[in-house]
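What follows is each chain in one-letter form.
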Amino acid sequence: MKAAIYLGPGKIEVKEVPTPKPKEGEILLKINTCAVCGTDVRIYYHGQANVKPPHIIGHEIAGTIEELGKGVQGFRKSEKVTSVTCVGCQKCKFCAQHLYNLCDTPRYLGYFYPGAFAEYMIIPKEAVDGGNIVKAPEKLSFPEISLVEPLSCVINGQDFLKVKKGDFAVVFGAGPIGCMHAEIARAAGASTVVLFDVSDSRLELAKRFAGITLLNSSKIDPVKKVMEMTGNCGADVIVVACGVNAVQEQAVAIAAKRARISMFAGLPKDNPYIKFDSNLIHYKEISVFGAFASNKEQYERALKLIASGKIDAKKFITNSFPLKDIVTAFETTKKGAGLKTVVTME
Ligand SMILES: [Zn+2]
Ligand SMILES: [Zn+2]
């Protein structure tokens with residue numbers, strides 16, 4: 001099979017390697033599409049401790065069942081599927097609640113296990129047994145299915161926020177994740193959704209999503225603007241979908257009474273600290289939530305949202321490259337050119 005072999009920071013080689021054979025309890029997937037995640041790009045450029053080269057990365061999976069290892073039941077060849085990235089240990093208290101994303105000793109497809117920037121990929125026995133594989137409706141295209149993973153992560157963040165009718169929502173960061181947050185908040189009944197970004201070209205791309213107010217936060221002060229728009233009440237829901245310390249501080253500054261804030265993106269590891277008036281949290285009863293990856297139930301909801309057309313996955317995909325051009329796909333994502341980039345195996 002052809003696979004993109006990650007050989008260390010800045011090094012990836014697309015070449016022929018032996019197609020893996022599913023062992024007992026495993027499933028072999030034929031990959032059609034794997035979308036590019038921000039973390040793939042970070043691994044490619046900077047490396048990551050839990051990805052040991054040579055390795056195949058990629059976890060936004062869309063493919064079909066190719067072959068079942070001995071003893072595997074409940075699947076048949078050619079069924080369209082994706083898979084939950086986090087493989088749980090099945091021993092800790094979070095795995096007991098099916099929250100593999102919070103597992104004490106997690107292993108991830110495309111990090112610990114070989115991933116989907118390849119024509120074939122093994123789903124390990126512990127993932128098959130853990131119910132990680134998610135079946136997708138036949139009518140969905142592979143690129144649409146590849147967006148289930150990022151959308152499920154957005155749903156995880158939104159589950160904490162409980163957007164309701166009439167809420168004033170603010171999202172910082174108009175990348176694919178920020179746009180998904182804006183779309184979901186709007187679908188949940190927010191009366192106003194403001195999407196801030198510092199890049200005019202990103203905001204231009206976000207124009208495809210109707211009913212969202214797009215503003216450039218390098219040109220107008222987002223704190224002043226939100227306070228002005230809300231008659232000094234502030235925003236009910238705030239999502240920080242960019243890893244910028246100052247923006248997390250702004251999120252607290254624009255929070256209304258009973259506001260819910262999602263710190264959706266991580267901050268740089270060498271400076272993960274912010275400064276804010278903690279009394280705002282106290283007196284205004286502000287809730288601040290984190291969100292990391294997602295669980296199977298959220299994958300299933302993401303699939304339903306895409307299948308029903310409530311979220312138009314095709315609108316998020318602006319670039320598609322064949323596997324041989326994977327470096328261009330990573331460069332495109334790094335530049336923030338377009339929204340979502342996908343890699344196809346054919
Ligand atoms: Zn991802
Ligand atoms: Zn666990």
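Predicted model only: the values in this text are computed from it and were never measured.

Conventions and cut-offs
- Throughout, residues of each chain are indexed from 1 in the direction in which the sequence is written.
- Here the convention is simple: chains get letters from A, ligands get numbers from 1, in the order in which they are written.
- Side-chain atom pairs in this predicted model are given and counted only at pLDDT of 80 or more, local residue features only at pLDDT of at least 70, and totals for whole chains, interfaces and linings cover all residues.
- For side-chain calculations, the full set of non-hydrogen atoms in the structure is used, while hydrogens and water are omitted.
- By the criteria applied, helices consist of DSSP H or I runs no shorter than four residues and strands consist of E runs no shorter than two, each listed in order from the N terminus.
- We compute the radius of gyration from the C-alpha atoms alone; for a globule the expected value is 2.2 Å times N to the 0.38, where N is the number of residues.
- The rule is simple: take the accessible area with a 1.4 Å probe, protein chains only, and divide by the maximum for that residue type; under 20% is buried, over 50% is exposed, in between is partly exposed.
- By definition in these notes, contact holds between two residues if any of their heavy atoms fall within 4.5 Å.
- Asp and Glu count as negative and Lys and Arg as positive, but His and the ends of the chain are not part of the count.
- A single reference atom marks each charge: NZ on Lys, CZ on Arg, CG on Asp, CD on Glu.
- In this description, a line fitted to the C-alpha atoms serves as the axis of each element, helices being fitted only across the stretch in contact, and the angle between N-to-C directions of two axes falls anywhere from 0 to 180 degrees.
- With respect to orientation, any angle under 35 degrees is reported as roughly parallel, any angle over 145 as roughly antiparallel, any angle of 65 to 115 as roughly perpendicular, and every other angle as oblique.
- Crossing handedness follows the turn of the near helix against the far one: under a right angle anticlockwise gives a left-handed crossing, and clockwise gives a right-handed one.
- When residues are grouped by polarity, Ala, Val, Leu, Ile, Met, Phe, Trp, Tyr, Cys and Pro land in nonpolar, Asp, Glu, Lys and Arg in charged, and all others, Gly among them, in polar.
- Pairing between strands is defined by DSSP: at least two bridges between them are needed.
- We define the nonpolar core as a collection of buried residues of types Ala, Val, Leu, Ile, Met, Phe, Trp, Tyr and Cys that are connected through side-chain atoms lying within 4.5 Å of one another.
- For Na, K and Ca the donor cutoff is 3.2 Å, while for all other metals N, O and S atoms must lie within 2.8 Å; water is not among the atoms, so some sites may look incomplete.
- Working rule for geometry: tetrahedral if four donors all subtend angles between 85 and 135 degrees; square planar for four, octahedral for six, if opposite donors exceed 155 degrees and the others stay between 65 and 115; irregular in every other situation.
- Aromatic pairing here means that ring centres of Phe, Tyr or Trp (its six-membered ring) are within 6.5 Å. Orientation follows from the plane angle: under 30 degrees is stacked, over 60 is edge-to-face, and everything else is tilted.
- Under the rule applied, a polar contact is a pair of N or O atoms within 3.5 Å (in protein, one hydrogen donor and one hydrogen acceptor; residues adjacent in sequence only if both atoms are side-chain atoms).

(A) The arrangement of the overall build of the protein in detail. Across its full length, the protein carries 12 helices and 17 strands. Over its C-alpha trace the protein gives a radius of gyration of 20 Å, about what one expects of a compact globule, namely 20 Å for 346 residues. Each principal axis of the C-alpha distribution contributes one length, and for the protein these read about 65 × 40 × 40 Å. Burial statistics for the protein: of 346 residues in total, 53% are counted as buried. Considering only intrachain contacts with a sequence separation of at least 6, the fraction spanning at least 24 residues in the protein is 70%. If the 44 positive side-chain charges of the protein are averaged to one point and the 35 negative ones to another, these points end up 2 Å apart.

(B) Representation of the packing of helix H5 (residues 148-161) against helix H11 (residues 296-307). Across the interface, H5 lies against H11 with an axial gap of 8 Å and an inter-helix angle of 110 degrees. In this view, H5 runs roughly perpendicular relative to H11, as classed from their interaxial angle. Between H5 and H11 the crossing geometry is right-handed. Along the contact surface, H5 presents Val148, Glu149, Leu151, Ser152, Ile155, Asn156 and Asp159, while H11 presents Gln298, Tyr299, Arg301, Ala302, Leu303, Leu305 and Ile306. Within the contact of H5 with H11, the residues separate by chemical class into eight nonpolar, three polar and three charged.

(C) Highlighting the sheet that holds strand S14 (residues 255-263). Overall, parallel pairing links the six strands, which are arranged S12-S11-S10-S13-S14-S15 in an open sheet. Among the strands making up the open sheet, the edge pair consists of strand S12 (213-216) and strand S15 (287-290). Neighbour to neighbour, the strand axes of the sheet diverge by 20 degrees on average, direction disregarded. Strand contacts of helix H6 (residues 176-187): strand S10 (168-172), strand S11 (192-197) and strand S13 (235-240), with the helix running at about 170 degrees to S11, the strand carrying the most contacts. Against the sheet, helix H9 (residues 245-253) touches S10, S13 and S14, its axis set at about 155 degrees to S14.

(D) Region of the structure containing the nonpolar core. Grouped together as the largest cluster of nonpolar side chains are 46 residues, with contacts concentrated most on Leu147, Leu151, Cys179, Val193, Leu195, Ile306 and Phe316. Ranked by residues supplied to this core, first place goes to H5 with six residues. Dropping the residues within four chain positions of it, Leu151 is found in contact with Met180, Ile184, Ala302, Leu305, Ile306 and Ile311.

(E) Just the pairing of strand S4 (residues 60-68), in detail. Sheet topology places strand S3 (residues 27-35) next to S4; eight bridges connect them, and they run antiparallel. Of the residues in S4, the one forming a bridge with Lys30 is Thr64. Examined bridge by bridge, S4 and strand S5 (residues 80-83) share two bridges and lie antiparallel to one another. Looking at the pairing, Thr64 lines up with Lys80 of S5.

(F) A look at the coordination of the zinc ion (ligand 2). Within the first shell, the zinc ion (ligand 2) binds the protein through Cys89 (SG), Cys92 (SG), Cys95 (SG) and Cys103 (SG), at distances of 2.3 to 2.4 Å. Geometry at the zinc ion (ligand 2) is tetrahedral, judged from the four donor atoms that bind it and their angles of 101 to 118 degrees at the metal. Read from N- to C-terminus, the donor residues coordinating the zinc ion (ligand 2) fall into the pattern C-x2-C-x2-C-x7-C.

(G) Examining the packing of aromatic side chains more closely. In total, this model carries nine aromatic pairs according to the counting rule given. Measuring from centroid to centroid gives 5.2 Å for Phe172 and Phe196, while their planes differ by 15 degrees, and the two rings are stacked. Placement of Phe172 in strand S10 and of Phe196 in strand S11 is noted, with a sequence separation of 24 residues between them. Using a relative accessible area of 2% as the deciding quantity, one classes Phe172 as buried. Residue classification places Phe196 among the buried positions, given a relative accessible area of 1%. Relative to Phe316, the ring of Phe209 has its centre 4.7 Å away and its plane inclined at 35 degrees; by these criteria the two rings are tilted.

(H) Up close: the side chain of Thr85. Relative to the helices and strands, Thr85 is located in the loop between S5 and strand S6 (86-87). For Thr85, a relative accessible area of 7% translates into the label buried. For Thr85, the contacting residues outside a window of four places in its chain are His59, Arg107, Tyr108, Leu109, Tyr111, Glu149 and Tyr299.

(I) Quick look at the coordination of the zinc ion (ligand 1). Listed as protein donors to the zinc ion (ligand 1) are Cys37 (SG), His59 (NE2), Glu60 (OE) and Glu149 (OE); their distances from the metal cover 2.2 to 2.6 Å. Considering all four donor atoms around the zinc ion (ligand 1), the spread of angles at the metal, 77 to 160 degrees, places the coordination shape in the irregular class. Taken in chain order, the donor set of the zinc ion (ligand 1) reads C-x21-H-E-x88-E. Placement of the pair is Cys37 in the loop between S3 and helix H1 (38-46) and Glu149 in helix H5, with a sequence separation of 112 residues.

(J) Geometry of the environment of Asp197. Position of Asp197 relative to the elements: it lies in strand S11. Residue Asp197 is classed as buried on the basis of its relative accessible area of 10%. Separated by 188 residues in sequence, Asp197 and Pro9 have C-alpha atoms that sit 28 Å apart. One polar contact links the side chain of Asp197 to the main-chain amide nitrogen of Ala174, over a distance of 2.6 Å. A distance of 2.8 Å separates the side chain of Asp197 from the backbone nitrogen of Ser199, its partner in a polar contact.

Don't take any of this as a statement about function, it's just geometry.
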